[in-house]
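Chain by chain, the residues:
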Amino acid sequence: GPRGKASPPPPLPRRPRGGEMGGGGAEGMPVRGDLDHLFIGQSLPASAAEDLKGAIRYAASEHFDFVAVPLAAEGGQGKGVDFTPAAESQLSLDAVTWATSVVGFVSDGLDPDGASGGAAEAEARRACLETELRWASHLGLRGVLLPVPESGSLNCSYARAVGELLLEGLFAEGSGEESPTPLALRVPADGSGWTAWNRIRCLCDHHPRLAVALELGLGKSPGSGCNERELQRWQGEPVRFVILRPGAFLTNRQGFPVLPRRLKVLLEGLFRHKVEIIVAAGDPLEALEAAEGAAEDA
């Protein structure tokens with residue numbers, strides 16, 4: 001049956017910061033920490049996709065430029081017709097809004113190399129991964145975020161699954177005048193994350209459509225497991241998105257979240273390279289202010 005629709009919150013006036021949400025994002029990209037060209041999105045649960053227009057409107061009222069939502073409904077992972085998307089239909093939004101205002105998270109647990117049940121489970125994971133990526137390509141999103149690779153794996157099956165779709169041209173074309181959708185691999189910022197990224201990037205023959213979505217705050221403490229050299233190495237990689245998790249922040253004496261110096265230095269450098277921020281922290285508004293504070297210093 002049809003899903004229940006929550007009443008969307010009323011829009012609030014705001015000053016656009018890098019291109020209005022749903023109105024085309026070609027005005028500018030992040031350049032040298034200029035807040036008018038810094039794009040920051042809000043990570044939302046799958047349930048928010050039941051009323052994407054309302055979610056986007058509310059995020060815009062809180063000065064976010066886009067939203068990031070799971071591609072699959074909760075428990076909706078599956079192959080082909082068994083897949084249940086979080087958004088009811090492509091017609092939930094117009095093509096321009098999909099392309100400028102929505103980033104999609106591919107479901108965790110679809111890395112074929114993480115299968116413990118043998119070849120059959122690995123193939124099932126690969127098929128589910130392909131289904132979600134084809135759905136994302138059909139929608140023509142602002143970006144698509146691949147799941148974090150299985151720790152300690154050689155990543156061969158994962159890289160083959162992604163590489164074959166890229167060679168097929170799945171994300172080779174944009175909708176209308178929009179650029180092709182960037183496909184970004186989520187990885188932690190530590191040495192294991194760089195190793196996984198480098199291995200998959202090489203196995204995909206350095207495909208130009210494959211980028212990085214750097215996860216900050218996955219550990220128990222901000223920047224845990226990362227030394228200065230490991231963090232600065234990302235300055236030379238094609239980082240398209242930075243995802244700020246709650247663990248990325250410290251609390252200052254006034255009780256507000258702030259980024260530790262090492263992560264702040266990293267962001268200051270990445271702001272010069274068209275990176276986009278996705279806030280997935282406890283209080284998104286306070287985290288937004290902390291990220292913008294780093295940009296002002298860049």
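Check the entry above for the structure.
Computed from a predicted structure; not experimentally measured.

J.: Any chance you could explain the nonpolar core here in plain terms?
T.: In summary, soluble globular proteins display a tendency toward joint burial of nonpolar side chains. Judged by nonpolar contacts, the single largest core of 69 residues is most densely connected at Leu133, Leu146, Leu214, Leu216, Trp234 and Val242. One finds Ala68, Phe105, Phe241 and Ile278 within the second-largest nonpolar core, a separate group that totals 13 residues.

J.: I keep staring at the pairing of strand S4 (residues 143-146) and nothing clicks. Help me out?
T.: Along S4, one buried face is formed by Gly143 and Leu145 and the opposite face, lined by Val144 and Leu146, is buried too. Both strand S3 (residues 102-105) and S4 contribute to a ladder of three bridges, which runs parallel. Pairing of Phe105 across the sheet is with Leu145, part of S4. In terms of handedness, the path from S3 via helix H3 (residues 119-139) over to S4 forms a crossover that is right-handed. Bridging between S4 and strand S5 (residues 183-188) involves three bridges; their strand directions are parallel. Residue pairing for S5: Leu146 is matched across the bridge by Leu185.

J.: Honestly, helix H4 (residues 156-168) in this entry has me stumped. Any pointers?
T.: An α-helical turn contains 3.6 residues, so a residue and the one three or four places further along point in the same direction. The terminal C-alpha atoms of H4, which comprises 13 residues, lie 18 Å apart, in line with the 18 Å expected from a rise of 1.5 Å per residue. All of the buried residues in H4 are Tyr158, Ala159, Ala161, Val162, Gly163, Leu165 and Leu166. Positive backbone phi, approximately 90°, marks Gly169, located one or two places after H4.

J.: In this structure, what is going on with the pattern of salt bridges? I would like to understand it.
T.: Note that side chains of opposite charge can pair when their charged atoms are close. Using the criterion set out here, one finds eleven salt bridges in the structure. Between Glu123 and Arg126 there is a salt bridge whose closest N-O contact spans 2.9 Å. Separated by three residues within a single helix, Glu123 and Arg126 lie in helix H3, roughly one turn from each other. Notably, a salt bridge pairs Glu276 with Arg142, separated by 2.9 Å at the nearest N-O pair. Of this pair, Glu276 sits in strand S10 (residues 276-279) while Arg142 sits in the loop between H3 and S4, and the two are 134 residues apart along the sequence. Each of Glu123, Arg126, Glu130, Arg134 and Glu168 takes part in salt bridges that share partners, so that together they form one network.

J.: What should I look at first to understand the packing of aromatic side chains in this one?
T.: When we look at a pair of aromatic rings, we describe it by the centre distance and by the angle of the planes. According to the stated counting rule, one finds zero aromatic pairs in the structure shown. Here Arg142 stacks its cationic end above the ring of Phe39, 4.9 Å away from the centre of that ring. Here the basic side chain of Arg233 rests over the ring of Trp194, its NZ or CZ set 4.2 Å away from the ring centre.

J.: Would you mind going over the sheet that holds strand S7 (residues 239-244) with me for this structure?
T.: Strand pairing in a sheet is mediated by backbone hydrogen bonds. Such pairs are either parallel or antiparallel. Pairing is parallel around the closed barrel formed by eight strands, whose spatial order is S1-S2-S3-S4-S5-S6-S7-S10. Pairwise comparison of adjacent strand axes, ignoring direction, gives a mean angle of 25° for this sheet. Two elements, strand S6 (residues 210-216) and S7, share five bridges in a ladder whose sense is parallel. Along S7, the bridge assignment pairs Leu216 with Leu244. Here helix H1 (residues 52-61) sits on the sheet in contact with strand S1 (40-43), strand S2 (66-70) and S3, set at roughly 140° to S2.

J.: Before we go on, may I ask you to explain unusual backbone geometry in this structure?
T.: Trans is the common state for peptide bonds, and a negative phi is the common state for residues other than glycine. Phi at His63 is positive, roughly 75°, even though this residue is not glycine. Structurally, His63 is set in the loop between H1 and S2. For His63, a relative accessible area of 33% translates into the label partly exposed. In this model, His206 sits at a positive phi of 50°, which is unusual for a non-glycine residue.

J.: Explain the side chain of Arg125 to me, please; I cannot follow it from the model alone.
T.: Along the chain, the position of Arg125 falls in helix H3. Judged by relative accessible area, Arg125 falls into the buried class, the value being 18%. For Arg125, the contacting residues outside a window of four places in its chain are Gly109, Leu110, Asp111, Pro112, Gly114 and Ala115.

J.: Would you explain the pairing of S5 in this entry?
T.: Sheet faces and side chains relate simply in a regular strand, where the side chains alternate between the two faces. Burial analysis of S5 places six of its six residues in the buried class, which makes it a mostly covered element. Residues Leu183, Leu185 and Val187 of S5 are buried on one face, and the alternating residues Ala184, Arg186 and Pro188, pointing to the opposite face, are buried as well.

Parameters and conventions
- Residues numbered from 1 in each chain as written.
- Predicted model: local features only at pLDDT ≥ 70, side-chain atom pairs only at ≥ 80, totals over all residues.
- Heavy atoms only, no water.
- Core = buried A, V, L, I, M, F, W, Y, C linked by side-chain atoms within 4.5 Å.
- Buried < 20%, exposed > 50% of the residue type's maximum accessible area, 1.4 Å probe, protein only.
- Helix = DSSP H or I, 4+ residues; strand = E, 2+ residues; numbered from the N terminus.
- Pairing = 2+ DSSP bridges.
- Right-handed = clockwise from strand over helix to strand, strands pointing away.
- Expected span 1.5 Å × (residues − 1).
- Salt bridge = Lys/Arg side-chain N within 4 Å of Asp/Glu carboxyl O.
- Phe/Tyr/Trp six-rings, centres within 6.5 Å; stacked < 30°, edge-to-face > 60°.
- Lys NZ or Arg CZ within 6 Å of the ring centre and 35° of its normal.
- Axes fitted to C-alpha atoms, helices over the stretch in contact; angles between N-to-C directions.
- Contact = heavy atoms within 4.5 Å.

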